[in-house]
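Topology and contacts: notes
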Amino acid sequence: MASEQLMSGTGHRYHSIQEPSPTKMSSSFSFATAPAPEIIRIFDELPKATIVSVSRPDAGDISPILLTYTILFRYKQFKWRLVKKASHVFYLHFALKKRLLFEEIQEKQEQVKEWLQNLGIGDNTPVVHDEDEPDDDPVPLHHEESVRNRDVPSSAALGVIRPVLVRQSSMSDRAKVAMQEYLNHFLGNLDIVNSREVCKFLEVSTLSFLPEYGPKLKEDYVMVKHLPKIAKDDDSKKCCACSWFDCCNDNWQRVWAVLKPGFLALLRDPFDTKPLDIIVFDVLPPLDGNGEGRVSLAAEVKERNPLRHAFKVTCGNRSIRIRTKTGAKVKDWVAAINDAGLRPPEGWCHPHRYGSFAPPRGLAEDGSQAQWFIDGMAAFDAIASSIEDAKSEIFICGWWLCPELYLRRPFHAHASSRLDALLEAKARQGVQIYILLYKEVAIALKINSVYSKNKLLRIHENVRVLRYPDHFSSGVYLWSHHEKLVIVDHNICFIGGLDLCFGRYDTSEHKVGDRPPLTWPGKDYYNPRESEPNSWEDTMKDELDRGKYPRMPWHDVHCALWGPPCRDIARHFVQRWNYAKRNKAPYEEAIPLLMPQQHMVIPHYLGRNQETESESKTFEDNSKNMKRQDSFSSRSSNQDIPLLLPQEAEELSSSYGSPMSVGLDTTTRKGVSFAFRKSKTEPLVADTPMKGFVDDLDALNIGKKPSDLKKQLTTDLEWWETQERGDQVSLVEEDGSVGPRTSCCCQIIRSVSQWSAGTSQIEESIHCAYCSLIEKAEHFIYIENQFFISGLSGDEVIRNRVLEALYHRILRSYKDNKCFRVIVVIPLLPGFQGGIDDSGAASVRAIMHWQYRTICRGQESILHNLCERLGPKAHDYISFYGLRAYGKLCDGGPVATSQVYVHSKIMIIDDCAALIGSANINDRSLLGSRDSEIGVLIEDKELVDSCMGGKPWKAGKFALSLRLSLWSEHLGLHQGEVNQIIDPISDSTYRDIWVATAKMNTTIYRDVFSCVPNDLIHSRSAFRQSMASLKEKLSHNTIDFGIAPEKIETYLNGDIKKTDPMGRLKSVRGHLVSFPLDFMSEEDLRPVYKESEYYASTHVFH
């Protein structure tokens, strides 16, 4: 089997005949400038062949030449069937004889030249071998081998092709024996097996036996027209009439097509290691408006010339026309491609739950695992560890990326953790690095992606960078690529709200100051409310005066995924990368096309019969030496992980029909193992196509009640304080920033469309998942998001229906007289530059308008509609909060406060399911046709005893631990106090702790700072009055009134008492504050005609 070998000093990859190393397989073949190895071998051990059957087209025809043989080939863990005629063997035999003749002539020529040179007769110039010269059909020569070892005697072929006048049954038996004997001749010699003639006969190539791309399917030569001129084609291939009529100049070129379960690749020839083109299969549009059926991935095409035979492959926005030699081959290709892409429920062209491109993972024990990280310190350390352990390739995708970002702090002690230094070290080791950046509209954003691209490209030639989209050519100006992804070796990926950029690193303390700089150097001391960086020439130079302005603390949630979900995310990256490459750099060889890896993705690989297990035992033993990235605590450790092997080709049909539920059942979630066996049953539940906004999730079973309600709840939460991390059991991080690595059911969901990923239809599976999960929630919903802009039914402006789902779910609980709570945590103010009353802050006010329109103002708001139906009880069902922090800017400096900017995008349902990703709750992120986003829905399989509404409850380990850590940080609780918030909806937790803490903190901040936003300022005039009053007391203040006076005045028994503000602030617990629902309630915050934002589309703001 071919594998990739890193050549020192070049960074380019070549294929050799060394034993494969699964951890070092790349999803792309790099473009080598150095000479390739003389011999590229596809087989490194001998394959086996078995004649399964022999048939003839006409029972009365006695000619053996017309017999058809069905042959089963085996190579390592791969199996494939071929149907061959005796004529194919005839042509193969003569091709081998032709090869042998050429090699004999070549060897004799060299012997004669050497003899003449020894006699001093011939030239003394070096002998030039034929393989160094261009040839119509290059034939690798084996000068070190004897000709005899490569000869296939003609007598072996005679039994296949000579007439035998015997009975029909006897002739079939004799033909089977003769064919078997002939196959054994060339299958017993590695040189013959690896010849181009035999590889073409066996229909194999360099991609055939790479396990990361899945089982071997169909391969053959085809003709295509859409590719640029292939270098190997020359005029010698044309017919004799071309010099007069130019009859062959029709741009059709012969290429080798390789079909895999997830893509169709085109190579120059079977031995080539450089894909010319790749068609990555994706969800196809439905045949009708009801979402039923799928259009065909491949279909026959009628040619005007009846002697030509063609079909087309249509996927996404691409349609490629392909020709074959015969009509029968067209039918074979069409059937094979449609079978690979459309066979439900795992086919990539078939929509899955929520309309997602990816199916739910973890329904069986497939290695799907997840681990959460709260805030940048924990996530960045884990990402740095994974990059340091990278062996093959790294994918990075971001809205903003800063090469000078330190992933570990204090930065003085961790110089090697700077992102560009980490990437350079891995690139020098031969790791291939692919970075996909959002190309911003420069006049609207100051993230300067061209600076980042140029900086990254100077690191090493193994670092490749694409920026997308090109705004002018694509016509896309308003939307952005918003995903935040890091994928290492297709083994571990990171997904969530954190970009690898300045301002994101933070801890649970959320410090507002750093003078002298120890944690946040230069422009990493970041506060977009005060000022965005104006220059990137010196990133280590401060943008803000650290003695006057606080940084804006950053709260975020990130997640690590292992197993099949990681492969699904990598597939998404490959799809986006290839689409950007075709649009931005179609002829740039330094930018390769990527191929999605497959063998740990498709669920049918989980089924293996005993024969397969025995065949792959050696492969699995070898894989035990592979390293994987373990779960993260303060440090990361390596641990073995088994390699899942592809199932044989003939077993795919049955394994595609393995039982697979669209949801989870608590009976199967508790310790029931899924045997690795071939399934012989039909699917229990058909895959659900997307119908409207909400999918049917009857089987989701989020948080089913335990059958024994009398069981007493253990509230010491020992499992949470001593979480398992891989093979070790260690104490939880003190600040609760790293979660347990748990086995989960995961599904990747996203927002993409034609402009962002080249898909044929809009995918809004994140939106559908939000709505469906809300509808199925039983007790409570916890949301953290950067924005909260949504609409009710009938709203013609805001189109996403998260708000509608919340509204109906609350009404249902009210009618049923059941306790149900929705808690939403969002930023106190949009994180954009400009004071509330500044003339240049129209964007800030516009976003505030749309959020307040969603929450509490106007006929379209949820609180307005709930209060009409529920009265004052509406606030018992849904409430809104923000986060705030304080501290001294430096020793002897002023006391300052700033909002903690909520940038996380999560939703937790009933402590049993969690949605984490990059998508905001607004139309930009959720509609699919606008910003591109990606997320993951994690449903727990590991359940723990908990409490809900005062009753025993089975909560999920992942979701519950995430909520407890978030709430502990927000409420300022320590580990020993976690049991106070175990029940999220009881009055003792919600009213006495959550609401009371928020109200107390809000009051303290208002008394000490008079900061905004607050509920006492209802208009811009009131804002100006407050600002004027503060100016009399303070010589300097921040844009949101975040500086405290040296002494605060309090009234006690009619006397004014001056106290230190820090003394009052010591009563603050955590960071939680109430969201100011009445702030600017008397103002219309929409842009006015004097402001440039007035003329922009309102879609920009929501």
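Criteria and thresholds
- Residues numbered from 1 in each chain as written.
- Predicted model: local features only at pLDDT ≥ 70, side-chain atom pairs only at ≥ 80, totals over all residues.
- Heavy atoms only, no water.
- Helix = DSSP H or I, 4+ residues; strand = E, 2+ residues; numbered from the N terminus.
- Polar contact = N/O pair within 3.5 Å; in protein donor to acceptor, adjacent residues only side chain to side chain.
- Expected span 1.5 Å × (residues − 1).
- Bend = angle between axes of the 7 residues up to and from the residue.
- Pairing = 2+ DSSP bridges.
- Axes fitted to C-alpha atoms, helices over the stretch in contact; angles between N-to-C directions.
- Contact = heavy atoms within 4.5 Å.
- Parallel < 35°, antiparallel > 145°, perpendicular 65-115°, else oblique.
- Patch = residues over 30% accessible without salt bridge, like charges linked within 9 Å, V, L, I, M, F, W, Y side chains within 5 Å.
- Areas by Shrake-Rupley, 256 points an atom, 1.4 Å probe, with all protein chains shown as cover.
- Salt bridge = Lys/Arg side-chain N within 4 Å of Asp/Glu carboxyl O.
- Buried < 20%, exposed > 50% of the residue type's maximum accessible area, 1.4 Å probe, protein only.
- pLDDT = per-residue confidence, 0-100.
- Lys, Arg positive; Asp, Glu negative; His and termini not counted.
- Phe/Tyr/Trp six-rings, centres within 6.5 Å; stacked < 30°, edge-to-face > 60°.
- Lys NZ or Arg CZ within 6 Å of the ring centre and 35° of its normal.

**Quick notes on the side chain of D911**
- Considering the arrangement of structural elements, one finds D911 in the loop between β32 (906-909) and β33 (913-917).
- Within polar-contact distance, the side chain of D911 engages the side chain of R963 at 2.7 Å.

**Notes on helix α26 (residues 987-1009)**
- In this model, α26 (23 residues) spans 31 Å end to end at C-alpha, consistent with the 33 Å of a helix rising 1.5 Å per residue.
- If you look at α26, its biggest bend is around 30°, right at A996.
- Just beyond α26, the residue with positive phi is S1010, at close to 55°.

**Remarks on the sheet that holds strand β6 (residues 219-224)**
- Strand order in the open sheet made by the seven strands is β9-β8-β7-β6-β12-β11-β10, with antiparallel pairing throughout. Sheet topology places β9 (275-280) and β10 (298-301) at the edges, where each strand pairs with a single neighbour. Strand-to-strand twist across the sheet, computed as the mean angle between neighbouring axes with direction ignored, equals 35°.
- Sheet topology note: the β6/strand β12 (residues 318-324) ladder contains two bridges and is antiparallel. Considered in β12, the bridge of V224 is made with I322.
- Set on the sheet, helix α7 (residues 327-342) makes contact with β6, β7 (253-260), β8 (263-267), β10, β11 (309-315) and β12; between it and β11 the angle comes to about 15°.
- Of the strands in this sheet, β9 and β12 touch helix α12 (residues 564-584), which is tilted by about 125° from β9.

**Brief notes about the sheet that holds strand β4 (residues 68-75)**
- Across the sheet, three strands lie side by side as β3-β4-β5; this open sheet has antiparallel pairing. Pairing within the sheet leaves two strands with one partner each, and these edge strands are β3 (48-55) and β5 (78-85). Put simply, the sheet's adjacent strands are angled 20° from each other on average, direction ignored.
- Pairing analysis gives seven bridges linking β3 to β4, with the strands arranged antiparallel. Directly across from S55, in β4, lies its bridge partner T68.

**What to know about the packing of helix α25 (residues 957-971) against α26**
- Close contact between α25 and α26 brings their axes to 10 Å; oriented N to C, the two are set at 50°. When the axes of α25 and α26 are compared, the pair comes out oblique. Taken together, the residues of α26 that come into contact with α25 (itself represented by W967, H970 and L971) are T989, I993, W994 and T997.

**Quick notes on a nonpolar patch on the surface**
- A cluster of nonpolar side chains, namely V1088, Y1089, Y1094 and Y1095, defines an oily patch on the protein surface of about 490 Å² accessible area.
- One can find Y1089 in the segment after β39 (1072-1074).
- A residue is classified by how much of its surface remains accessible, and Y1089, at 55% relative accessible area, is exposed.

**A few points about the confidence of the model for the protein chain**
- Mean pLDDT for the protein chain: 80, with 75% of residues reaching 70 or above.
- Low pLDDT, under 50, characterises residues 724-732; the stretch is placed with 34 contacts to residues that sit more than four places away or in other chains.

**Some details on the side chain of K523**
- Tracing the backbone through its elements, the reader meets K523 in the loop between β18 (492-496) and β19 (554-555).
- Of the buried charged residues, K523 lacks a salt bridge, with E543 as the closest side chain of opposite charge at 4.1 Å.
- Setting aside its immediate chain neighbours within four residues, K523 contacts F502, P533, S535, W536, D538, T539, K541 and E543.

**Let's talk about the packing of aromatic side chains**
- Tallying each qualifying case throughout the model produces 31 aromatic pairs.
- Between W554 and Y901 the ring centres are 5.1 Å apart and the planes differ by 50°, which places this aromatic pair in the tilted class. Residue W554 is located in strand β19, and its partner Y901 is located in strand β31 (residues 901-902); the two are separated by 347 residues in the primary sequence. The pair W554 / Y901 is uniform in exposure class, with both members buried.
- Geometrically, the ring pair formed by Y852 and F1075 is tilted, given 5.8 Å between the ring centres and 45° between the ring planes. Here Y852, found in helix α21 (residues 842-855), pairs with F1075, found in the segment after β39; they are 223 residues apart in sequence, far enough to count as distant.
- Taking relative accessible area as the criterion, Y852 reaches 4% and is therefore assigned buried.
- Taking relative accessible area as the criterion, F1075 reaches 5% and is therefore assigned buried.
- Chaining the aromatic ring pairs together yields one cluster made of F43, F73, Y75, F78, W80 and F209.
- Against the face of F820 rests R809, its NZ or CZ located 4.2 Å from the ring centre.
- The lysine or arginine in question, R963, covers the ring of W967, its NZ or CZ lying 4.6 Å from the ring centre.

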